[in-house]
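Structural characterization, general
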Amino acid sequence: VEGALSVGLAPTNDEPSAAFIRLAEPALPDAYRLAGFLLRDSWEAQDATQEALLKAWLGWPRLRDRGSFGPWFDRIVVNVCKNRLRARKGIRPLHLDEQMENEAGTTDPFRSALARDELGRLVAKLGPDQQIVVALRFWRDLSLDEIAERLDLPLGTVKSRLHYAVHALRVELDRQTKEASR
Amino acid sequence: MRPVDFDEEVERRLRAIGTGAAPPVPGAITRYLHQLPEDHPAPVRQGPWQGAGRLSFPRLALGGLVAVAIVVGAVAGTVLMQYRQSGGSGGSGSSAAPATTAASPAATSPLTPEPPSSETPGCTNPPMRSAAAAELVKSGAVIVWERNGGPGCVDELYAAYPDGRTVSDRDGVPQNGQVTSAGVQAVMGQITDAGFFTDLFFTTYHPPCSACHQHSVTVTYGSQTKTVGIVEGGTDGPAQYWIVIGYLSDLFGVAS
């Protein structure tokens, strides 16, 4: 028997908690990295990953096909991050000056990676939906089909969001280059 | 020489940002994962009829068809039984009349409600305490459940707070209780997943039978607050409502 019947309802020797941990643990590095690049803060990424784990655990009985744990968990992480990005609207987080961070030895790995290129900073100016497709495509290395599956969106919508996101970044980069050359 | 495509350049630079050694997963996350099953109640695997926690249209349609088939079958059976009892003559004063007139079909039909008798005392359900429920919500309660009537003719009000505190008022006797904060959160998640904040949950009413409870559930989740009422003994209400009542019975330790 294929799919839900064999995977979701067939008895297993695993305790639910053991099965959950067995699938969730290998997914943690990618989840934490995705949350870090989206939220630009390792502490908040840690919170978001834990929140996603809790949601996944509570929703575990509804996951029929255990084979699709990865995309399902990614979707939860993305939704948690999206909610956090939306909640930030109107709130401007104050980060320590990078020099101060370096002196204190507390450089945030995600912020410093994003600060390596001006584009990294500009991504934060995109809307949450565009930031998510950029992160999934370039920092999580997923194909467009895989992104569509995770976001539960038509492929065309993903392509369009990515196109407009890259276009917006290019326009902003052009503008800054012109201003600098004046 | 091929000119540089600026979009490609943007994409290359974006990709380069993500390359390099990935930051290791903090140990706190791994510890949290291993602690999760202990800190939070083990989720229960739902039956296939519950699906993804929501009733889809095909499932509702199938359920409706089954219900209609049962009712039609019951009516047809009753009519057939009456026809046989009346000797198959159409019930117009045949020779079998003495046997059937003694207990007329209308009086023996299982579909005819029995008149109230002293052996089955009825319950006049007290009015729902919506003002008290609103006060509890105002005080920070995230779940407020009221039920009244039923075989015991009860009048009960329960509320749970996010910190796990519970209050109840059973027939005028107030009582405080404590469950875990995680327990309340888990039930909140279950209620939300059942579709409480969707249009699948709506208030219905019909006059309650003498053994039927009347329920009212108010849930506050984030910025949303919704109250849904229902009366037992009918098919007019959302089927998932009874699953929510089950969650609440477990949370407040109430025998349903």
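Residues numbered from 1 in each chain as written. Chains lettered and ligands numbered in written order. Predicted model: local features only at pLDDT ≥ 70, side-chain atom pairs only at ≥ 80, totals over all residues. Heavy atoms only, no water.

**Let's talk about the pairing of strand 4 (residues 173–178) of chain B**
All names here are of chain B. Of all six residues making up strand 4, only zero are buried, and the element is barely covered by its neighbours. When strand 3 (residues 165–170) meets strand 4, the two strands line up antiparallel, connected through six bridges. Paired with S168 across the bridge in strand 4 is Q175. Joining the antiparallel neighbours strand 3 and strand 4 is a turn of two residues, in which D171 adopts a positive phi near 50 degrees. (Buried < 20%, exposed > 50% of the residue type's maximum accessible area, 1.4 Å probe, protein only. Helix = DSSP H or I, 4+ residues; strand = E, 2+ residues; numbered from the N terminus. Pairing = 2+ DSSP bridges.)

**Considering the environment of V231 of chain B**
All names here are of chain B. When you line up the elements, V231 lands in strand 6 (residues 224–231). On the basis of relative accessible area, V231 is assigned to the buried category, the value being 1%. Separated by 84 residues in sequence, V231 and R147 have C-alpha atoms that sit 9.4 Å apart. Among residues more than four places away in sequence, those in contact with V231 are T204, Y205, H206, P208, H213, Q214 and W242. (Contact = heavy atoms within 4.5 Å.)

**Some thoughts on the sheet that holds strand 5 (residues 213–221) of chain B**
Residue and element names in this part refer to chain B. Strand order in the open sheet made by the six strands is 4-3-2-1-5-6, with antiparallel pairing throughout. Where the open sheet ends on each side, the last strands, each with one partner, are strand 4 and strand 6. The average angle at which neighbouring strand axes cross in this sheet is 10 degrees, direction not considered. The pairing of strand 1 (residues 143–149) with strand 5 spans seven bridges and is classified as antiparallel. Each residue of the ladder has a partner; that of E146, found in strand 5, is S216. Contacts between helix 7 (residues 181–193) and the sheet are confined to strand 1, strand 2 (154–160) and strand 5, with strand 5 contributing the most and set at about 105 degrees to the helix. (Axes fitted to C-alpha atoms, helices over the stretch in contact; angles between N-to-C directions.)

**Quick word on the state of the cysteines**
All names here are of chain B. In the structure shown here, the tally under the stated rule is one disulfide over all chains. A sulfur-sulfur separation of 2.0 Å characterises the disulfide bridge that pairs C209 with C212. Between C209 and C212, the S-S dihedral sits near 85 degrees, and the bridge is therefore right-handed. Judged by relative accessible area, which is 38%, C209 ranks as partly exposed. (Disulfide = S-S within 2.5 Å.)

**Some thoughts on the nonpolar core**
Counting 61 residues, the largest nonpolar core has F20, L53, F69, F73, V134 and W139 of chain A together with L14 of chain B as the members making the most contacts within it. Residues in contact with F20 of chain A, not counting those within four places in the same chain, are L53, A56, W57, W60 and F69 of chain A together with L33 and L36 of chain B. Counting residues in each nonpolar core, the second largest holds 25 residues, with I143, F196, F201 and I230 of chain B among its members. (Core = buried A, V, L, I, M, F, W, Y, C linked by side-chain atoms within 4.5 Å.)

**Points about the packing of aromatic side chains**
For the structure on display, the rule yields 17 aromatic pairs over all chains. Through a chain of ring-to-ring contacts, three or more aromatic side chains come together here, namely F20, W57, W60, F69, W72 and F73 of chain A. Between the NZ or CZ atom of K226 of chain B and the centre of the ring of F196 of chain B, over which it lies, the distance is 5.9 Å. (Phe/Tyr/Trp six-rings, centres within 6.5 Å; stacked < 30°, edge-to-face > 60°. Lys NZ or Arg CZ within 6 Å of the ring centre and 35° of its normal.)

**A look at the pattern of salt bridges**
Pairs can form between side chains of opposite charge whenever their charged atoms are close. Inspection of every chain in the model, using the stated rule, returns 22 salt bridges over all chains. Across the pair D169 of chain B and R129 of chain B runs a salt bridge whose closest N-O atoms are separated by 3.0 Å. With D169 of chain B in strand 3 and R129 of chain B in the loop between helix 5 (105–108) and helix 6 (130–138), the pair connects residues that are 40 residues apart, well separated along the chain. Three or more residues joined by partner-sharing salt bridges are found here, namely D30, D74, R140, E149 and R150 of chain A. (Salt bridge = Lys/Arg side-chain N within 4 Å of Asp/Glu carboxyl O.)

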